[in-house]
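# Report on the structure
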Amino acid sequence: WDSVKQRVKGTDENAEQINSYLIRTRSRLVELFTDMLCEGDVYLEKLLDKFLGRDQKHISLMELVTRHNEIFKSKIDIDYSLSTYKKYSTTKEKIQQFLIHKFKKPDVRIKDLDIQFMEEFEFFQKSVLKTHHNTTVKHCKNLKKIVNEAVRYGWLEKSPFSGFKTSYEDTDKIYLAEHEIRLIENKSFSIKRLDLVKDLFLFQCFTGLAYADME
C-alpha cells in the first residue's frame, strides 16, 4: 500500500482493479458531498446512506399497487366510493395478468418500468383480454396515477409513463324510451327473483343510481 498516493502498489491486474475501484469510489463520494454542500445539508450518515443506496426505496410494482389500493379502501365513504375502489381492484388484476403473460413472473421493480411497459399493457388488454378501448384507457390511467404516487413519495425521480398519451372515444349510448320503460314496468314475472330484478332496474332508471351502489 502506498500511503502517500493512497493506492495499491504494483501494476498487475489485481492492483489495477483495486485502484480503479478506489478512484471511482472517491469520485462518487466527492460528487455526493458536493450535492449536499449545495443543499446546505452536509451529514456523514446521510452521505454513507446515499453512497450505499440505503436511502432508496426498492419497491416493486405490485407492492406499490397493493399499497395504493389498501389506502384507497380505507377511505371508502370518506373520500372515495366503493365502485371506484372496485375499478382499481380490477386494474390490479389486469396488471398481474399482464406480468405473467409478458414476463412470466408475478412482479417487477418500479425502477424497471418504462413507456414501452405501458404501451404493451394497453395492447395486451385489447388483444389478449379483448377489453373495450375506453375500459383499456381507464386501466392505463389508473396505473399511471398509481405510479405517480411513487414519484410523490420519492421512490422514483420521475414517472416513466409521463410521455404516454391516450384518450377516450365517444360512444353511442342507448337509452330506453318512456314507452319501453312502461312495458317493463307492466311486465309480470312468475319468478319472484326476476320480479325483484325488474324493480331494481326500474328504480335505477328513475333515480340514476349506479349499478355498483345498487349492488
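Reading the values: the criteria
- Residues numbered from 1 in each chain as written.
- Predicted model: local features only at pLDDT ≥ 70, side-chain atom pairs only at ≥ 80, totals over all residues.
- Heavy atoms only, no water.
- Helix = DSSP H or I, 4+ residues; strand = E, 2+ residues; numbered from the N terminus.
- Expected span 1.5 Å × (residues − 1).
- Contact = heavy atoms within 4.5 Å.
- Axes fitted to C-alpha atoms, helices over the stretch in contact; angles between N-to-C directions.
- Parallel < 35°, antiparallel > 145°, perpendicular 65-115°, else oblique.
- Nonpolar A, V, L, I, M, F, W, Y, C, P; charged D, E, K, R; others polar.
- Phe/Tyr/Trp six-rings, centres within 6.5 Å; stacked < 30°, edge-to-face > 60°.
- Buried < 20%, exposed > 50% of the residue type's maximum accessible area, 1.4 Å probe, protein only.
- Lys NZ or Arg CZ within 6 Å of the ring centre and 35° of its normal.
- Core = buried A, V, L, I, M, F, W, Y, C linked by side-chain atoms within 4.5 Å.
- pLDDT = per-residue confidence, 0-100.
- Patch = residues over 30% accessible without salt bridge, like charges linked within 9 Å, V, L, I, M, F, W, Y side chains within 5 Å.
- Areas by Shrake-Rupley, 256 points an atom, 1.4 Å probe, with all protein chains shown as cover.
- Salt bridge = Lys/Arg side-chain N within 4 Å of Asp/Glu carboxyl O.

On to helix α5 (residues 115-127). Counted at 1.5 Å a residue, the expected span for α5 with its 13 residues is 18 Å, and the 18 Å between its end C-alpha atoms agrees. Buried residues in α5 make contact with α3 (61-74), α4 (82-103) and α6 (133-152).

Moving on: the packing of α4 against α5. Relative to each other, α4 and α5 sit at 100°, their axes nearing to 10 Å. Classified by the interaxial angle, the pair formed by α4 and α5 is roughly perpendicular. For the pair formed by α4 and α5, the contact residues are K94, I95, Q97, F98, L99, H101, K102 and F103 on the first element and F117, E120, F121, F124 and Q125 on the second. Taken together, the residues of the contact of α4 with α5 break down into seven nonpolar, three polar and three charged.

Throughout the structure, instances matching the rule amount to nine aromatic pairs. For the pair F98 and F117, a centre-to-centre distance of 5.1 Å together with 85° between the ring planes defines the contact as edge-to-face. Highlighted residues: F98 in helix α4 and F117 in helix α5, separated in sequence by 19 residues. By relative accessible area, F98 is classed as buried at 2%. Seen from their ring centres, Y153 and W155 are 5.2 Å apart, and the 25° between their planes marks the pair as stacked. Look at Y153 and you get partly exposed, because its relative accessible area is 36%. Joined through ring pairs, the aromatic side chains of F98, F103, F117, F121, F124 and F161 make up one cluster. In this structure, R67 is placed above the aromatic ring of Y153, and the distance from its NZ or CZ to the ring centre is 4.5 Å.

The nonpolar side chains of soluble globular proteins are, as a tendency, buried together. Ranked by size, the top nonpolar core spans 27 residues in total, and within it L61, I95, I110, L113, F117, L143 and V147 carry the most contacts. Mapped onto this core, the elements with two or more residues apiece are α3, α4, α5 and α6.

Per-residue confidence for the protein chain gives a mean pLDDT of 92; residues scoring 70 or more make up 98%. At the level of individual helices and strands, the protein chain shows its lowest average pLDDT in helix α9 (residues 211-214), which scores 81, and its highest in α5, which scores 97.

Let's shift gears to a nonpolar patch on the surface. Side chains of F33, L37 and V42 sit close together on the surface and give an oily, nonpolar patch of about 270 Å² of accessible area. Inspection of the secondary structure assignment puts V42 in the loop between α1 (13-39) and α2 (44-52). On the accessibility criterion, V42 (46% relative accessible area) is partly exposed.

With that out of the way, let us pick up the packing of α3 against α4. It is the contact of α3 with α4, at a shortest axis distance of 10 Å, that shows an interaxial angle of 170°. In terms of axis orientation, α3 runs roughly antiparallel to α4. The residues of α4 that touch α3, namely those facing L61, M62, V65, T66, H68, N69, F72 and K73, are T84, Y85, Y88, S89, K92, I95, Q96 and L99. Each residue belonging to the contact of α3 with α4 can be placed in one class, and the counts come to eight nonpolar, six polar and two charged.

With that out of the way, let us pick up the pattern of salt bridges. This structure, assessed with the given rule, holds 10 salt bridges. The residue R109 makes a salt bridge to D112 at a minimum N-O spacing of 2.9 Å. Residue classification places D112 among the partly exposed residues on the basis of a relative accessible area of 43%. Among the ionic pairs, R152 bridges to E149, the shortest N-O distance being 3.1 Å. Here R152 and its partner E149 are both found in helix α6, three residues apart, which amounts to about one turn of the helix. Judged by its relative accessible area of 57%, R152 falls in the exposed class. One network of salt bridges, with partners in common, ties together E178, R182 and E185.

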